[in-house]
Amino acid sequence: MIRLHHVQYGRSFRVLWLLEEIGVEQFGGLDLVEYQIGTAGMREGDLPRLSPAMRIPAIEYDGLEMSESGAIVEYLTELHAPALNRPVGSPERAAWLQWVHYSETMASLIEQLNLQLVFLRPPAKPSRVVIKLNVARLRGTLAGLEARLGDHDWLLPGGFSAADIMMGFNLFAAPYYVPLDAFPKLSAYKARMEARPSYVRAVEREGPQRFYRQDFYPVPEAD
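Thresholds applied
Residues numbered from 1 in each chain as written. Predicted model: local features only at pLDDT ≥ 70, side-chain atom pairs only at ≥ 80, totals over all residues. Heavy atoms only, no water. Patch = residues over 30% accessible without salt bridge, like charges linked within 9 Å, V, L, I, M, F, W, Y side chains within 5 Å. Areas by Shrake-Rupley, 256 points an atom, 1.4 Å probe, with all protein chains shown as cover. Salt bridge = Lys/Arg side-chain N within 4 Å of Asp/Glu carboxyl O. Helix = DSSP H or I, 4+ residues; strand = E, 2+ residues; numbered from the N terminus. Buried < 20%, exposed > 50% of the residue type's maximum accessible area, 1.4 Å probe, protein only. Contact = heavy atoms within 4.5 Å. Core = buried A, V, L, I, M, F, W, Y, C linked by side-chain atoms within 4.5 Å. Expected span 1.5 Å × (residues − 1). Polar contact = N/O pair within 3.5 Å; in protein donor to acceptor, adjacent residues only side chain to side chain. Pairing = 2+ DSSP bridges. Axes fitted to C-alpha atoms, helices over the stretch in contact; angles between N-to-C directions.

Q: Explain a nonpolar patch on the surface to me, using residue names and the numbers behind them.
A: A grouping of Ile37, Leu115 and Phe119 is seen on the molecular surface, where their side chains present a nonpolar patch of about 220 Å² in accessible area. Within the secondary structure, Phe119 sits in helix α4 (residues 93-119). Using a relative accessible area of 31% as the deciding quantity, one classes Phe119 as partly exposed.

In structure tokens, the structure reads:
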């Protein structure tokens with residue numbers, strides 16, 4: 001059985017969705033170890049041993065211990081889902097790798113906005129300048145993705161891949177900070193993701209999200 005150390009709708013959602021896409025039965029089932037971000041539980045148990053940064057995701061499977069969502073996705077697709085990978089020699093290999101890692105460029109901006117607007121508690125105050133800058137940068141990454149989707153359903157002309165799975169977490173979280181109304185191709189792309197049976201099963205495991213307390217977080221007004 002594969003064990004996934006997981007925070008609801010965090011980066012580990014990528015691995016959860018991938019496992020549903022592959023089929024958890026191929027791994028003998030799924031043991032989901034859930035944490036609440038920011039609590040002492042993440043410093044206890046096995047997570048500090050599995051993840052040098054003490055962050056999710058981390059997996060344990062058949063003697064393998066691994067962390068970092070991009071690395072896990074690359075490794076598991078190489079072994080268990082070659083159709084979701086683009087191996088060395090594939091004409092789409094470079095583009096696949098670029099999109100897998102582009103997703104982290106976008107996710108790092110979402111993380112900064114989460115820290116400023118969700119995690120900070122009084123008397124700490126979020127920085128309007130930093131938030132405005134990160135929102136602009138996040139919007140820029142979305143615009144770049146919109147421009148490159150073209151007429152394709154998925155990131156690569158060859159069809160759905162783990163690069164799309166990596167991007168799924170981002171397109172769940174980004175609209176809390178940047179409306180997708182200005183990005184019709186991204187909106188349609190997001191809808192295609194959400195229609196995949198594997199995505200639906202992953203969301204059913206997650207349940208209603210408990211992290212964001214409002215539907216949208218605007219840039220704070222100037223003092």
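Q: Which residues make up the pattern of salt bridges, and what values go with them?
A: Inspection of every chain in the model, using the stated rule, returns 15 salt bridges. We note a salt bridge from Arg3 to Glu60, for which the minimum N-O separation is 3.5 Å. Pair noted here: Arg3 is in strand β1 (residues 2-7) and Glu60 is in strand β3 (residues 58-61), with a separation of 57 residues, a long-range link. A relative accessible area of 30% places Arg3 in the partly exposed class. Glu60 gets classed as buried once you look at its relative accessible area, which sits at 14%. Across the pair Glu60 and Arg49 runs a salt bridge, and its minimum N-O distance is 3.7 Å. Remark: Arg49 occurs in helix α2 (residues 47-50) and Glu60 occurs in strand β3; sequence separation between them is 11 residues. One network of salt bridges, in which partners are shared, links Arg3, Asp31, Asp46, Arg49, Glu60 and Glu65.

Q: Before we move on, could you go through the environment of Ala147 and cite the residues and values that matter?
A: Mapped onto the elements of the fold, Ala147 is located in helix α5 (residues 128-149). Once the C-alpha coordinates of Ala147 and Leu19 are considered, the two residues, 128 residues apart in sequence, prove to be 29 Å apart.

Q: How would you explain the environment of Met42 if you had to name every residue and give the values?
A: With respect to the helices and strands, the residue Met42 is situated in the loop between β2 (30-35) and α2. Along the primary structure Met42 and Arg55 are separated by 13 residues, whereas in three dimensions their C-alpha atoms are 7.6 Å apart. When neighbours within four sequence positions are excluded, Met42 is seen to be in contact with Val7, Tyr35, Gln36, Ile37, Leu47, Pro48, Met54, Arg55 and Ile56.

Q: Tell me about the nonpolar core, and please be specific about residues and values.
A: Counting residues in hydrophobic clusters, the biggest one holds 66 residues, and the most contacted among them are Leu138, Leu142, Met167, Tyr177 and Tyr212. Examining the composition of this core, we find that 11 residues originate from one element, α4, more than from any other. Those residues in contact with Leu142 that sit more than four places away from it in its chain are Met106, Leu171, Ala174, Val178, Leu180, Phe183 and Leu186. Judged by nonpolar contacts, the second largest core, of seven residues, contains Tyr35, Met42, Leu47 and Ile56.

Q: Give me helix α3 (residues 69-80): which residues, what numbers.
A: Compared with the 16 Å implied by 1.5 Å per residue over 12 residues, the 16 Å span of α3 between its first and last C-alpha is a close match. By the burial criterion, the buried members of α3 are Ser69, Gly70, Ile72, Val73, Glu74, Leu76 and Thr77. Elements that come into contact with the buried residues of α3 comprise β1, α1 (12-22), β3, β4 (64-67), α4 and α6 (162-173).

Q: Account for the environment of Arg14, naming residues and giving values.
A: Positionally, Arg14 belongs in helix α1. Under the relative-accessibility criterion, Arg14 is labelled buried at 0%. With 44 residues separating them along the chain, Arg14 and Ala58 place their C-alpha atoms 11 Å apart. Each residue touching Arg14, except ones within four places of it in the same chain, is listed here: Ser69, Ser103, Glu104, Ala107, Ile165, Met166, Phe169 and Asn170. Within polar-contact distance, the side chain of Arg14 engages the side chain of Glu104 at 2.5 Å.

Q: Kindly report on the sheet that holds β2, identifying the contributing residues and their values.
A: If you walk across this open sheet you meet the four strands as β2-β1-β3-β4, and the pairing is mixed. Looking at which strands have only one partner, the edges of the open sheet turn out to be β2 and β4. If you compare each strand with its neighbour and ignore which way they point, the axes differ by 15 degrees on average. In terms of strand pairing, β1 meets β2 through six bridges, oriented parallel. Among the inter-strand pairings, Ile2 is bridged to a residue of β2, identified as Leu30.

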